[in-house]
Amino acid sequence: MTSDQTFVIVGASLAGAKAAETLRAEGFDGRLVLVGAEDERPYERPPLSKDYLRGEVDREKVYVHPEGFYAEHDIELRLGRTAVSLNTAGAELALDDGERLRYDRLLLATGAEPRALSIPGAQLDGVVYLRSVADCDALRRRLDRGGAVVVIGAGWIGSEVAASARQRGLEVTVIEPMTVPLERVLGREVGAVYRDIHRDHGVQMLLGTGVEAFEGDTAVERVRTSNGRALECDFVVVGVGIEPRIGLAAQAGLAIDNGILVDEHLRTSASGVFAAGDVANAHHPFYREPIRVEHWANALHQGPAAARAMLGQPEVYDRLPYFFSDQYDVGMEYAGFARAWERVVFRGDPVTREFIAFWLVEDRIVAGMNVNVWDVTDAIQRLISERVAVDARRLADPRVALEDLVPADAGSAA
Ligand SMILES: Cc1cc2nc3c(=O)[nH]c(=O)nc-3n(C[C@H](O)[C@H](O)[C@H](O)COP(=O)(O)OP(=O)(O)OC[C@H]3O[C@@H](n4cnc5c(N)ncnc54)[C@H](O)[C@@H]3O)c2cc1C
């Protein structure tokens, strides 16, 4: 049926690798090429700010598939190779070594890269970013040497790196222009919980503070803050967000807006070309707008969904956004998506660090986060996706099962 076709995937990371796996599992028996700019076979990034960074697990733990998987499934893995140009009219992709690949279907899973800081001293040795396993290995060696680190940005990556560095015994300072960590996603009330967690572990949290410059001869020796402080340090980790890698798609003239625009079947504006993972700004049927999700579960599920779409299966990608984070002994899961909300309802006392927070608009839950409370994600997602009107007192009461907040007839009228 398909054996004379060629499917090409650009980006050999989680979304790309899961798409390749799914194509074979769904019976695609044509030529399948997976192109990745990194030298490593596909791996997962979450351990790179957690246990792998701290040296608690070995390299094998991070890979998406065992070593022989790609050969066994007749997936041509082109590692250390970058796709440099795309001609959608001719359905041809060019790699940096001159190879040209004609495709019947193409998946762009090119992910994202750290946003760079451009301030004086940004190029000094010792100012580092964390995205790849190579970045992580280099950072791990710095953690081994100990000393003082300044982390710029208290988003997820900055917060997790700060926690891991503290756990390895370094002196850690976090600089963040917002008033609490993770403020954009969690808001002030819940972000304050993370501020306190870090302070309790001995991290110096400089909040409401910007960074003006990095100073040193050849390597960074100090960080100058917006309020005139000079912080001596051995190195700096910058975690100020990521940018979708859209270069190839933009050069090819695909529709771009905060990533590669795709519909609910993950189809780009070019025929036969799909996108998934961190790079895809995908129309979401539940939110009725495009959403770009920069998290592991999205890459894990969108890769396979794109693969099925490449095979012509009419699947709609409508999973609610979900992510997790681990900092010290505090694990959390977050479901939903909230740009704005009217109030936050807590089930359990945040001070105990075992609680669920719900973000509400009117009496509907738009997002929920369970912290050191487990096996509630399905119930939280159901409350969100069914747009259940909740009584805030019952929502806050741990004696009321979350399942009991969903009316028996929910979903039937949707
Ligand atoms: C340190 C770290 C910790 C994280 N922790 C969590 C967490 O706890 N929870 C969570 O939900 N998410 C976490 N994430 C986010 C999660 O890892 C990402 O959402 C996920 O990696 C996205 O996968 P992807 O396949 O879409 O893209 P990426 O992982 O970015 O991979 C894209 C790949 O494409 C390659 N590529 C790009 N352009 C080309 C080209 N032109 N030619 C060839 N190859 C190309 C890149 O080299 C890269 O290997 C973390 C991310 C990092 C960096």
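For the structure given in this document, a descriptive report is provided here. (Residues numbered from 1 in each chain as written. Predicted model: local features only at pLDDT ≥ 70, side-chain atom pairs only at ≥ 80, totals over all residues. Heavy atoms only, no water.)

**Observations regarding the pairing of strand β12 (residues 204–207)**
Inspection of the sheet shows strand β11 (residues 171–176) paired to β12 by four bridges, in the parallel sense. Note on β12: the bridge partner recorded for V174 is M205. Once the chain exits β11 it traverses helix α5 (residues 183–200) before rejoining the sheet at β12, and the crossover so formed is right-handed. (Pairing = 2+ DSSP bridges. Helix = DSSP H or I, 4+ residues; strand = E, 2+ residues; numbered from the N terminus. Right-handed = clockwise from strand over helix to strand, strands pointing away.)

**Here we look at the nonpolar core**
A general feature of soluble globular proteins is that nonpolar side chains tend to end up buried together. Residues L93, L106, L107 and L108 are the most contacted members of the largest nonpolar core, which totals 54 residues. Per-element accounting of this core gives the leading share, seven residues, to helix α7 (residues 296–310). Here L106 is in contact with V8, V10, L86, L93, G272, V273, F274 and M310, once residues within four sequence places are set aside. Membership of the second largest hydrophobic core comes to 47 residues, among which are C136, L186, V193 and Y328. (Core = buried A, V, L, I, M, F, W, Y, C linked by side-chain atoms within 4.5 Å. Buried < 20%, exposed > 50% of the residue type's maximum accessible area, 1.4 Å probe, protein only. Contact = heavy atoms within 4.5 Å.)

**Topic: the pattern of salt bridges**
Counted by the stated rule, this structure contains 35 salt bridges. A salt bridge links R339 to E289, with the nearest nitrogen and oxygen atoms 2.8 Å apart. Here R339, found in the loop between β23 (330–336) and β24 (343–347), pairs with E289, found in strand β21 (residues 289–291); they are 50 residues apart in sequence, far enough to count as distant. Relative accessible area serves as the criterion here: at 59%, R339 is assigned to the exposed category. When its relative accessible area of 27% is taken as the criterion, E289 is described as partly exposed. Two residues, E315 and R308, come together in a salt bridge whose shortest N-O distance is 2.5 Å. Residue classification places E315 among the partly exposed residues on the basis of a relative accessible area of 28%. The structure contains a network of salt bridges with shared partners spanning R31, E76, R78, R81, D97 and E99. (Salt bridge = Lys/Arg side-chain N within 4 Å of Asp/Glu carboxyl O.)

**A few points about helix α8 (residues 377–385)**
If you check which residues of α8 are buried, you get T377, A379, I380, L383 and I384. With its buried residues spanning 165° around the axis, α8 presents them on a single face. (Arc of directions from axis to C-beta.)

**Some points on the sheet that holds strand β26 (residues 364–371)**
Pairing between the strands of a sheet is mediated by backbone hydrogen bonds and can be parallel or antiparallel. If you trace the five strands from one edge of the open sheet to the other, you get β22-β23-β26-β25-β24, paired in antiparallel fashion. In this open sheet, the two edge strands, each paired with only one partner strand, are β22 (322–327) and β24. Sheet twist, expressed as the average angle between the axes of neighbouring strands with direction ignored, equals 20°. Here five bridges tie β23 to β26, and the two strands are oriented antiparallel to one another. In the sheet register, Y334 faces β26, and the bridge partner there is M369. Along the sheet, helix α4 (residues 156–167) makes contact with β22 and β23, crossing β22 at roughly 25°. (Axes fitted to C-alpha atoms, helices over the stretch in contact; angles between N-to-C directions.)

**Considering the site of the ligand**
As a matter of local geometry, the ligand sits amid 34 residues, with S13, E38, R45, K50 and R131 nearest to it. F324 places a main-chain nitrogen or oxygen 2.9 Å from a nitrogen atom of the ligand. Coverage of the ligand by the protein amounts to 94% of the 1000 Å² it exposes when considered alone. Every element with two or more residues in the shell around the ligand is listed here: α1 (14–25), β2 (31–36), α4, α7 and β22. Residue classes in the shell around the ligand are distributed as 16 nonpolar, nine polar and nine charged. (Near = heavy atom within 4 Å. Polar contact = N/O pair within 3.5 Å; in protein donor to acceptor, adjacent residues only side chain to side chain. Areas by Shrake-Rupley, 256 points an atom, 1.4 Å probe, with all protein chains shown as cover. Nonpolar A, V, L, I, M, F, W, Y, C, P; charged D, E, K, R; others polar.)

**Description of the side chain of R131**
Note on placement: R131 falls in the loop between β9 (127–128) and α3 (133–145). For R131, a relative accessible area of 18% puts it in the buried group. Polar side-chain contacts of R131 include one of 2.9 Å to the side chain of D278. For R131, the contacting residues outside a window of four places in its chain are Y43, R45, L48, A112, P114, I242 and D278.

**A closer look at the sheet that holds strand β15 (residues 230–232)**
Reading across the sheet, the three strands line up as β13-β14-β15 and stay open at both edges, with antiparallel pairing between neighbours. Bordering the open sheet on either side are β13 (211–215) and β15, each of which pairs with just one other strand. Here the average twist between neighbouring strands, direction ignored, is 20°. Sheet topology places strand β14 (residues 222–225) next to β15; three bridges connect them, and they run antiparallel. Within the sheet, the bridge partner assigned to R224 lies in β15 and is A230.

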